[in-house]
Amino acid sequence: MKQLQKTIFPLILALILVLSTGMTVLAAGEGNIDGGGGGMGSGTRTDVWHSQDGVRVTVVTTSGGVASTPFDLTNSSIPNATINFGHVCKLQYTSGASLSPGGSYTCSRPATPLPRIISGTSSKASIEAIRRYFCSEYTAQLVASKAGIAFEELVSGSYKLVIEPIAYFTHGGRNYAMTATEAALYNQMSGGALRSKLPSLTHQNLPLSIFLETPDLGYPAWGGTTSGRVSDAEILSALGIGIVTYKEVPAAELEATDYTYRVDTDVITSITLTSSREVNPDNPASVTFHINGRSYTVNNIVMPAGGSQVVWAKWHTPMEPTVLTIQASVSGASTAKTSFTARIVSLEENLPPDPMATDVNPHFSLPSLPSNPQKTSASWSVWSARWKPVWVWVSTGHKSSCSAGCGKNHGHYEDHGYYVFTSTGYSASLSGSMEIHPDDIVPTAQGDNMKSGYGIKEAATARFSANAPLSHYAPAQTGVSYFPEFSYKDYWRLLSCSGGMNAVFAFKANEFSTYNRNVHFTPVWFPDGTSYTVYTYIIDAWTPSGMLSVNVNDSVQIQGSLFDDWYSKRE
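The structure presented is a predicted model; accordingly, all values stated were derived computationally and were not measured.

Calculation criteria
Residues numbered from 1 in each chain as written. Predicted model: local features only at pLDDT ≥ 70, side-chain atom pairs only at ≥ 80, totals over all residues. Heavy atoms only, no water. Helix = DSSP H or I, 4+ residues; strand = E, 2+ residues; numbered from the N terminus. Buried < 20%, exposed > 50% of the residue type's maximum accessible area, 1.4 Å probe, protein only. Pairing = 2+ DSSP bridges. Contact = heavy atoms within 4.5 Å. Phe/Tyr/Trp six-rings, centres within 6.5 Å; stacked < 30°, edge-to-face > 60°. Patch = residues over 30% accessible without salt bridge, like charges linked within 9 Å, V, L, I, M, F, W, Y side chains within 5 Å. Areas by Shrake-Rupley, 256 points an atom, 1.4 Å probe, with all protein chains shown as cover. Salt bridge = Lys/Arg side-chain N within 4 Å of Asp/Glu carboxyl O. Core = buried A, V, L, I, M, F, W, Y, C linked by side-chain atoms within 4.5 Å. pLDDT = per-residue confidence, 0-100.

Colleague: An account of the side chain of Thr-139 is needed here, citing residue identities and associated values.
Modeller: With respect to the helices and strands, Thr-139 occurs in helix 3 (residues 137–147). Classification of Thr-139 by relative accessible area gives buried; the value is 4%.

Colleague: Got a sec to walk through helix 3? Specific residues and values, please.
Modeller: Within helix 3, the full set of buried residues consists of Glu-137, Thr-139, Ala-140, Leu-142, Val-143, Ala-144 and Ala-147. Backbone geometry just downstream of helix 3 places Gly-148 in the positive-phi region, at approximately 70 degrees.

Colleague: For unusual backbone geometry, give the residues involved together with the corresponding values.
Modeller: Of note in this structure, Leu-217 is not a glycine but carries a positive phi near 55 degrees. Note on placement: Leu-217 falls in the loop between helix 7 (199–205) and helix 8 (232–238). In this structure, Ser-487 is a non-glycine residue whose phi angle is positive, near 55 degrees.

Colleague: Quick one: what's the story with the sheet that holds strand 21 (residues 478–482), residue by residue and with numbers?
Modeller: Taken in spatial order, the five strands line up as 19-27-26-21-22 in an open sheet, and their pairing is mixed. The sheet terminates laterally at strand 19 (449–452) and strand 22 (493–494), the two strands that pair on one side only. Here strand 21 runs beside strand 22; their pairing, made up of two bridges, is antiparallel. Counted as the bridge partner of Val-480 is Leu-494 from strand 22.

Colleague: An account of the environment of Gln-92 is needed here, citing residue identities and associated values.
Modeller: Here Gln-92 shows up in helix 1 (residues 90–94). For the pair Gln-92 and Gly-65, spaced 27 residues apart in sequence, the C-alpha separation works out to 9.3 Å. In this structure, Gln-92 is in contact with Val-66, Pro-70, His-87 and Ala-97, ignoring residues within four places of it in sequence.

Colleague: Outline the sheet that holds strand 8 (residues 266–274), supporting the account with residue identities and numerical values.
Modeller: Pairing is antiparallel across the open sheet formed by three strands, whose spatial order is 11-8-13. The outermost strands of the open sheet, each flanked by one partner alone, are strand 11 (308–316) and strand 13 (334–335). Where strand 8 and strand 13 come together, two bridges link them in antiparallel fashion. Paired with Leu-273 across the bridge in strand 13 is Thr-335.

Colleague: A description of the packing of aromatic side chains should follow, citing residues and the corresponding values.
Modeller: Counting across every chain of the model gives 21 aromatic pairs. Here Tyr-482 and Trp-492 contribute two aromatic rings whose centre-to-centre distance is 6.0 Å and whose plane-to-plane angle is 50 degrees, an arrangement assigned as tilted. Of this pair, Tyr-482 sits in strand 21 while Trp-492 sits in the loop between strand 21 and strand 22, placing them 10 residues apart in sequence. Trp-492 carries the same exposure label as Tyr-482, and that label is buried.

Colleague: Now, about a nonpolar patch on the surface: what can you tell me, with residues and values included?
Modeller: Nonpolar side chains collect at one region of the surface, where Trp-387, Val-390 and Tyr-418 lie side by side and expose about 270 Å² of accessible area between them. In this structure, Trp-387 sits in strand 15 (residues 377–388). Residue class for Trp-387 comes out partly exposed when judged on its relative accessible area of 37%.

Colleague: Would you mind going over the nonpolar core in detail, with residue names and values included?
Modeller: Counting 76 residues, the largest nonpolar core has Leu-273, Phe-289 and Trp-315 as its most contacted members. The element contributing the most residues to this core is strand 26 (residues 530–543), with eight residues. Not counting the four nearest positions on each side in its chain, Phe-289 is found in contact with Thr-269, Ile-271, Arg-294, Ser-295, Tyr-296, Val-311, Trp-312, Ala-313, Gln-327 and Ala-328. Grouped together as the second largest cluster of nonpolar side chains are 53 residues, Val-59, Ala-167, Ala-183 and Ile-235 included.

Colleague: Can you lay out the pattern of salt bridges for me, pointing to particular residues and giving the numbers?
Modeller: Enumeration according to the criterion identifies eight salt bridges in this entry. With its nearest N and O atoms 2.9 Å apart, the salt bridge here joins Arg-56 to Glu-182. Of the two residues, Arg-56 is situated in strand 2 (residues 48–61) and Glu-182 in helix 5 (residues 180–189); the sequence distance between them amounts to 126 residues. Like Arg-56, the residue Glu-182 is buried in the burial classification. Salt-bridge contacts for Lys-457 lead to Asp-440; the nearest nitrogen and oxygen are separated by 2.5 Å. Linking Lys-457 in strand 20 (residues 455–466) with Asp-440 in the loop between strand 18 (418–438) and strand 19, this pair joins segments that are 17 residues apart in sequence. Since its relative accessible area comes to 28%, Lys-457 is described here as partly exposed. For Asp-440, a relative accessible area of 58% gives the class exposed.

Colleague: Help me get a handle on the confidence of the model for the protein, residues and values and all.
Modeller: Averaged over all residues, the pLDDT of the protein is 85; the fraction at 70 or higher stands at 87%. Counting contacts from residues 1–40, a segment whose pLDDT is below 50, to residues more than four positions away or on other chains yields 188 contacts. Every residue in residues 248–257 is under pLDDT 50, and counting partners more than four places away or in other chains gives 24 contacts.

Colleague: Give me the lowdown on the environment of Thr-139, citing residues and values where you can.
Modeller: When the C-alpha atoms of Thr-139 and Pro-110 are compared, they prove to be 9.2 Å apart, with 29 residues separating the residues in sequence. Filtering out sequence-adjacent residues up to four positions away, Thr-139 remains in contact with Tyr-133 and Phe-134.

Next up, the structure:
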């Protein structure tokens, strides 16, 4: 069994809701994590960062030799015309490679979105999300495929991954893609022009988003500032690099990894089996998941030689928050991980406070809508095998009883056939829509125009479809709404769910409502002439390939406040 030892260090942590992506975790890091950063300026029209980031991944040998062509991953749609300097890694620049134009830019968007890499003004990097992503079996399989290296060889202990943060930004009115190292080299070549325009990005949050806590591959641990500007020399020597190491570890250490699930939810836990030999119906593989006192067994697993098969258990999480150890017993094939910890959490812990008529917020400005990672489709497949007979005549020669000159061909037919493997593909998709409106008892609402201080109602719909048996999926079950008065963080409302393939999510009864209405109260101080936009994250639609999720939002228009509806009649 292999463990991914992580030396990746993301930027400042945000106190945000971290939601599982459903990736199978290969192993946990050893806590060799650090990071830093600071505030970001707003930029200008010609020099600005649009919060787009990614990573450059390079497979290297344990001695630092480059073993694959570096490749870039990002969640964003980056035009091919983006100015870039080719796919060159930090080790190659350190060895003397020069900065030169790279032609048409290419990058890949992973099926499971990357976590936030570089913190911005409103979107912060999460150390937990980065740990889970880069130490997952999914990422190892992805890297093996992109690098053209067999998965078993990649995790054999002979290789490491070099991870470099990438920022996509506009400088001088032109779009660029640069790693931290490339930004430092470009700044030197331009006589400091880049740092003079985008210092908080290129010489602070980009290089400080990932660095080493302990020395490796000839690069030192970073012991300098974690919240201020750094120099070109500091970037080139020590910053903008993280390393994932594959190494042998005692089996007991593998229990350090966790998943995060919600309470009282149908979920799917999956692992991927591999085999260098054919696994057929004569000697099939099997997996038994041991979860919370119950066992879930999958038998008759087959796959061709060198193939892989995702295997899963669909189960229901406990009603109360807890921590579970999940074990997978595997027979007849191999897997990268057989034990991990699942953290079961409740989202009923951050309800908005009681809105008061005396509340004020004179310095309020409209925040940007969140953009949580969303995955709206998934695909997986299941191998089956059937026997293809090939009848061959086997001659046994003449018998002793044969007379001289016997012309018979003695023998028999034998079946020298083989198994033919067929992969049956399945897929699932999730889409969402949302409407908010003034509550039915708001006396002065006109359509979606209302006065602040009154309640709004919500109906968010999650449409889930799949071409697979019910045991392969669980439709969306969780919706969480966030509000502009709290900058879409700190407080949220967990919505009720109707269930089913077209689930409808709505506010639960508000404990601060005199009439026990299913509403959220807009703050009485919310500015006139402003859209009040509610953001909802719909999650917990599970498949063998992970969790599907979707972002939705809708608005009402605020004009006036409920105080305008109060009057005093004097005779």
